[in-house]
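Letter by letter, the chains look like this.
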Amino acid sequence: MTEARRTRAGIALGLAAAFSWGIYNVGAEIGQASGFRPADLTLLRYGGAAVLMLPLLWLARHRLPPLRQIAWVTLLIGPPFALLFNLGFQRAPLSHAVVIGPGVSMLMANALVRWRDGIPLSVNRRIGMAVLIAGLLVIAADQPPPKSWGGSVLLGDLCFVGSGSLWGIYVYVMGRWRLPPVETTAAVASLATLGFVPVYMIVWGLPVMPAALWAEQVFYQGVVGGCLAFVAFAAAVGRLGAGRAALFAALVPSSAVLLAIPLTGQWPAPLQWGGVMLASAGLIISLDLWAGRRTPLPQAQGDTSSGD
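Because the structure is a prediction, the values reported are computed rather than measured. All residue numbers refer to position in the chain's written sequence, counted from 1. Totals for whole chains, interfaces and linings use every residue, but because this is a predicted model, local features are given only for residues with pLDDT of at least 70 and side-chain atom pairs only at 80 or more, for both listing and counting. Values reported for side chains reflect all heavy atoms of the structure, with hydrogen atoms and water molecules removed beforehand.

1. Considerations on the packing of helix H3 (residues 67-77) against helix H8 (residues 181-203)
Helix packing for two helices is described by the angle between their axes and how far apart those axes are.
Here is step 1 of the chain: For helices, the fitted line uses only the C-alpha atoms of the stretch in contact; every axis is such a line through C-alpha atoms, and the angle between N-to-C directions lies from 0 to 180 degrees. Helix and strand definitions here come from DSSP, where helices need a minimum of 4 consecutive H or I residues and strands a minimum of 2 consecutive E residues; each element is numbered from the N-terminal end. Two numbers describe how H3 lies on H8: the axes approach to 9 Å, and their chain directions differ by 70°. On the basis of the axis angle, H3 is roughly perpendicular to H8. Note that H3 runs across H8; the crossing there is right-handed. The segment H3 lies against H8, with Ile70, Ala71, Val73, Thr74 and Ile77 engaging Thr184, Ala187, Val188, Leu191 and Ala192.
Here is step 2 of the chain: When its residues are assigned to classes, the contact of H3 with H8 shows eight nonpolar, two polar and no charged. In what follows, roughly perpendicular refers to angles from 65 to 115 degrees, roughly parallel to angles under 35, roughly antiparallel to angles over 145, and oblique to any angle outside these ranges. Rotating anticlockwise by less than a right angle from the far helix to the near helix defines a left-handed crossing, while the corresponding clockwise rotation defines a right-handed one. The contact definition used throughout considers only heavy atoms, calling two residues in contact when any of these lie within 4.5 Å. All amino acids are sorted into three groups, where Ala, Val, Leu, Ile, Met, Phe, Trp, Tyr, Cys and Pro are nonpolar, Asp, Glu, Lys and Arg are charged, and the leftover types, Gly among them, are polar.

Following this line, the structure appears as structure tokens:
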């Protein structure tokens, strides 16, 4: 595959991941409004994905990455990440979620590429990231009503900082190790489910909810959030590198704003439309598509003893 085709494929996969996470974010909002707890949504995210991908995991059992690498990735984007995200969603307004999480993950991944691998960020990357963050701030400026279930907004913001940091480190690790996207997603979902289900049953237990609501959240959490988004994004990292792929996380708010139209009937306010266009422009600038020289991707690392 030529570099140009590889880049185009990576962009398409990154857009697909952002679109999938937009659906997942709207679904999480719907789920919590329907009475699901953060732990319930976490269970459905990994348990649903594990059940769906079990046949693929069996077929690919001889091509799986080393267990040590799978364990590290699971620690980064397994149940702790999902619990932090959903706890933040429960306490802080949506405007905080769409700025803090994506912004922190984008900055974290690019900072690690710069400082750990010594790869400088281009002028266009730095300008584009600034425009992306400006777009997120514009979206956040249109304040939604406060969460009806209350809680500490500061605690919710800290949860978003934590989940965004974990996601940024995960993006960097995936780019450094070049893990196969489908096999890695299946293995992480299975390992996360095995570790989380006993804790969930002891601490929380299954709530009594209508079957239709369970089925709806299995789609949002397991199919879209746990399978499609993860596979598409991991494949995008392999084609674009960690720094450029991380930029697509900042499109999740725009995707959620637009997808709320068909899914919830909520139309964006003029300020939100402006933020969507600004964030999209920032992504185009950051991808540096017109540059003649491509920044090389870091070499895959075989030694996992230090977690690098």
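2. Digging into unusual backbone geometry
Here is step 1 of the chain: Phi angles above zero are rare outside glycine, and Arg178 is one such case at about 55°.
Here is step 2 of the chain: Locating Arg178 in the fold gives a position in the loop between helix H7 (153-177) and H8.
Here is step 3 of the chain: Relative accessibility decides the category of a residue: with a 1.4 Å probe and only protein chains considered, values under 20% of the type maximum give buried, values over 50% give exposed, and everything between is partly exposed. For Arg178, a relative accessible area of 35% gives the class partly exposed.

3. Here's the deal with a nonpolar patch on the surface
Here is step 1 of the chain: Taken together, Leu56, Trp58, Leu59 and Val182 make up a surface patch of nonpolar side chains, about 420 Å² in accessible area.
Here is step 2 of the chain: The greatest single-element share of the nonpolar patch, amounting to three residues, is contributed by helix H2 (residues 38-59).
Here is step 3 of the chain: Turning to its location among the elements, Trp58 is positioned in helix H2.
Here is step 4 of the chain: Look at Trp58 and you get exposed, because its relative accessible area is 55%. Patch building starts from residues that exceed 30% relative accessible area and form no salt bridge, then joins like charges within 9 Å and nonpolar side chains (Val, Leu, Ile, Met, Phe, Trp, Tyr) within 5 Å. Exposure was quantified through the Shrake-Rupley algorithm and a 1.4 Å probe, taking into account, for residues, occlusion by the shown protein chains and nothing else. Here, a salt bridge means any side-chain nitrogen of Lys or Arg that lies within 4 Å of a carboxyl oxygen of Asp or Glu.

4. Points about the environment of Leu259
Here is step 1 of the chain: Topologically, Leu259 is positioned in helix H11 (residues 252-264).
Here is step 2 of the chain: Assessed through its relative accessible area of 10%, Leu259 is described here as buried.
Here is step 3 of the chain: Setting aside residues up to four positions removed in sequence, Leu259 forms contacts with Phe19, Gly22 and Ile23.

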